[in-house]
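Chain by chain, the residues run as shown.
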Amino acid sequence: MESYYHPGDLGKFAEMGKGNKELWEKFIGYYNAVFAEGALTEREKALIALAVSHAVQCPYCIDAYTQACLEKGSNVEEMTEAVHVACAIRGGASLVHGLQMRNVAHKLSM
Amino acid sequence: MAETKLSLKARRSPLTSEREQIRILSRTDRCSPFEERMRQAGFDPLYATGISVFQMNLGKLCNQTCRHCHVDAAPDRREVMTQETAARCIEALAQTDIPTVDITGGAPELNPQFRWIVAQARALGRQVIDRCNLSVLLLPSQSDLAPFLAGHRVEIIASLPYYRSAQTDAQRGEGIFEKSIAALRLLNQIGYGVEGSGLILNLVHNPVGAFLPPKQKAIEGQFRRELEHRYGIVFNHLYTITNMPISRFLEFLIETGNLESYMERLVNAFNPAAAAGVMCRYTLSVGWDGTLYDCDFNQMLNLPVSDLTPRHISDFNPAALVHRRIVTGNHCYGCTAGAGSSCGGAVT
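Overview of the structure.

## Side note on the interface of chain A and chain B
With twelve residues of chain A in contact, the opposing surface of chain B contributes 13 residues. Together chain A and chain B conceal approximately 970 Å² of surface at their shared face, both sides included; 40% is due to carbon and sulfur atoms. For arginine 265 of chain B, the salt bridge goes to glutamate 71 of chain A, with nearest N and O atoms at 2.6 Å. One can count eight residue pairs in polar contact (both at pLDDT 80 or more) joining chain A with chain B. Elements that contribute at least two residues to the side of chain A that touches chain B include exactly helix H2 (42-56), helix H3 (59-71) and helix H4 (76-96) of chain A. Taken together, the residues of the side of chain A that touches chain B break down into two nonpolar, four polar and six charged.

## Looking at the sheet that holds strand S5 (residues 201-205) of chain B
Sheets are built from strands paired through backbone hydrogen bonds, the pairs being either parallel or antiparallel. All names here are of chain B. If you walk across this open sheet you meet the eight strands as S6-S5-S4-S3-S2-S1-S7-S8, and the pairing is mixed. Sheet topology places strand S6 (238-240) and strand S8 (292-293) at the edges, where each strand pairs with a single neighbour. Alignment of S5 against S6, held across three bridges, turns out to be parallel. By the bridge assignment for S6, histidine 205 is matched with threonine 240. Relative to S6, helix H8 (residues 216-231) is tilted by about 135°, and along the sheet it contacts S5 and S6.

## As for the pattern of salt bridges
Evaluation of the coordinates by the stated rule reveals 23 salt bridges over all chains. Between glutamate 25 of chain A and lysine 21 of chain A there is a salt bridge, with the nearest N and O atoms lying 3.1 Å from each other. Here glutamate 25 of chain A and its partner lysine 21 of chain A are both found in helix H1 (residues 21-35), four residues apart, which amounts to about one turn of the helix. By relative accessible area, glutamate 25 of chain A is classed as partly exposed at 43%. Between aspartate 102 of chain B and arginine 131 of chain B there is a salt bridge; the shortest N-O distance is 2.8 Å. One end of the pair, aspartate 102 of chain B, is in strand S2 (residues 100-104); the other, arginine 131 of chain B, is in strand S3 (residues 127-132), and 29 residues separate them in sequence. In this structure, aspartate 102 of chain B and arginine 131 of chain B share a single accessibility class: buried. Because the salt bridges share partners, they merge into one network encompassing Lys9, Asp72, Arg77, Glu79 and Arg248 of chain B.

## Points about the environment of alanine 94 of chain B
With respect to the helices and strands, the residue alanine 94 of chain B is situated in helix H3 (residues 83-94). By relative accessible area, which is 43% here, alanine 94 of chain B ends up partly exposed.

## Focus on a nonpolar patch on the surface
All names here are of chain A. A contiguous nonpolar surface patch, about 330 Å² in accessible area, is contributed by Leu40, Ile48, Val52 and Val56. Positionally, leucine 40 belongs in the loop between H1 and H2. A relative accessible area of 37% means that leucine 40 is categorised as partly exposed.

## Re H3 of chain B
All names here are of chain B. A rise of 1.5 Å per residue sets the reference length of H3, with its twelve residues, at 16 Å; its end C-alpha atoms lie 17 Å apart and thus fit the reference within 8%. Those residues of H3 that sit buried are Thr85, Ala86, Cys89, Ile90, Ala92 and Leu93. Buried residues along H3 cover an arc of 160° about the axis, so they all sit on one side. Residues of H3 that are exposed and point more than 90 degrees away from the buried face comprise Gln83 and Glu84. Residues of H3 that are buried make contact with strand S1 (53-57), S2, helix H4 (114-123) and strand S7 (283-286).

## Describing the packing of aromatic side chains
Inspection of the entire model under this criterion finds 19 aromatic pairs over all chains. Ring centres of tyrosine 31 of chain A and phenylalanine 35 of chain A lie 5.0 Å apart, and the angle between their planes is 40°; on these two criteria the pair is classed as tilted. One end of the pair is tyrosine 31 of chain A and the other is phenylalanine 35 of chain A, both in helix H1 and four residues apart, which spans about a single turn. Judged by relative accessible area, which is 26%, tyrosine 31 of chain A ranks as partly exposed. You can call phenylalanine 35 of chain A partly exposed: its relative accessible area is 24%. Ring geometry for tyrosine 162 of chain B against tyrosine 163 of chain B: centres 4.3 Å apart, planes inclined by 25°, an arrangement best described as stacked. For tyrosine 162 of chain B, a relative accessible area of 4% gives the class buried. Residue classification places tyrosine 163 of chain B among the buried positions, given a relative accessible area of 1%. Here the aromatic residues Phe13, Trp24, Phe27, Tyr31, Phe35 and Tyr65 of chain A are joined through ring pairs into a cluster of three or more.

## As for unusual backbone geometry
Along the chain, aspartate 44 of chain B connects to proline 45 of chain B via a cis peptide bond; the corresponding omega equals 0°. Following glycine 105 of chain B, the chain continues to glycine 106 of chain B via a peptide bond in cis, the omega torsion being 20°. Examined against the element boundaries, glycine 106 of chain B turns out to sit in the loop between S2 and H4. One non-glycine residue, glutamine 57 of chain A, lies in the positive phi region at around 55°. Tracing the sequence through the fold places glutamine 57 of chain A in the loop between H2 and H3. Non-glycine residue arginine 12 of chain B carries a positive phi angle of around 55°. Tracing the backbone shows arginine 12 of chain B in the segment before helix H1 (18-26). Classification of arginine 12 of chain B by relative accessible area gives exposed; the value is 76%.

Cut-off values and rules
Residues numbered from 1 in each chain as written. Chains lettered and ligands numbered in written order. Predicted model: local features only at pLDDT ≥ 70, side-chain atom pairs only at ≥ 80, totals over all residues. Heavy atoms only, no water. Contact = heavy atoms within 4.5 Å. Buried area = accessible area lost by both parts, 1.4 Å probe. Salt bridge = Lys/Arg side-chain N within 4 Å of Asp/Glu carboxyl O. Polar contact = N/O pair within 3.5 Å; in protein donor to acceptor, adjacent residues only side chain to side chain. Helix = DSSP H or I, 4+ residues; strand = E, 2+ residues; numbered from the N terminus. Nonpolar A, V, L, I, M, F, W, Y, C, P; charged D, E, K, R; others polar. Pairing = 2+ DSSP bridges. Axes fitted to C-alpha atoms, helices over the stretch in contact; angles between N-to-C directions. Buried < 20%, exposed > 50% of the residue type's maximum accessible area, 1.4 Å probe, protein only. Patch = residues over 30% accessible without salt bridge, like charges linked within 9 Å, V, L, I, M, F, W, Y side chains within 5 Å. Areas by Shrake-Rupley, 256 points an atom, 1.4 Å probe, with all protein chains shown as cover. Expected span 1.5 Å × (residues − 1). Arc of directions from axis to C-beta. Phe/Tyr/Trp six-rings, centres within 6.5 Å; stacked < 30°, edge-to-face > 60°.

Okay, here's the thing in structure tokens:
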């Protein structure tokens, strides 16, 4: 079936370097540095990335960081909680804007 | 993940044929031939650098039927090393100064020759490793096994894929995690894994699925924290071992549609540094029937040592084996991926 996203394209990510090698190399250098062990462990960073992947709803990122989380030793329970964190923030972000609604409604209403 | 209760052989699976497994591995379209990749890395042909580990596979009989087992071991298997072959192994060992005897199976402890082999190897002054599935220690017939191992100062390398029951039971069978924890407590009680006791208890982590293991040091820390916090269990080291795409794990990969992507993962993670340190370069693996192999995985694919060297323990000739050419295939990508994988854990 025709699909906008192709799972195999994840493996071709580096082809983005063909359009502008310099910017690609800067990006990938930064990217690798971000995910290296630091104040946070690689495992913790992969869990954050998994949550963000769901927040930005990137299928490539979801595939990549599901595998990365498993390969860093996380389990599905932990990964599910990470997704709930993304969900809570996304939901909370909508809900907190309800105050904006309330403020505007209050101003417009008698 | 469905539980497998019978071996491939008992189920008459086509994968019982080693040739069929090799055929499947050679036709995966995301996988260039291993020899070609090794040539690019400067390791073809690959030669042994010596023999420091004498690995003895005592047979396919096991009290568990793990889903990832590369041996296709199970309670229904009957192939076990005989007394005569065990004696040939000890005679061969005595001709050498190979420091380590690594005993595996199946559940090697279920072989009636196991205790004799341990005692003989220890009498020769060799370090002895028992690759233990833990639950075997709880069998009524093995009630004196733990004290026996301690008495002979045998190093235990015990399989525990994860520190939680869901993952462990998914790989090793329902209820195995609980038994493993009970066995680890028993081993701790007699001093195994306890600092200063000299009784070494190492654990093995295999991924519970079609992905690579974590960094060994990182997952060891996780295991140490979780096992101590949850169960008060201590151990010495944790080894990560990559699941080899053969036998029952190959069946899992095919059934779940993961074969191509898993092979691609292994190939993309090829690490020349890991390739340089693969265990076949310093291991000699003896099958239950006395046939010689470069490793336990080649053993399961019926790929004996090069035909330029003696191929049976009764013809043992260390000089001819010590720098032999290693037999390789696409399954070897399992040992060269990422940090590398060996019976002693990560390679790099």
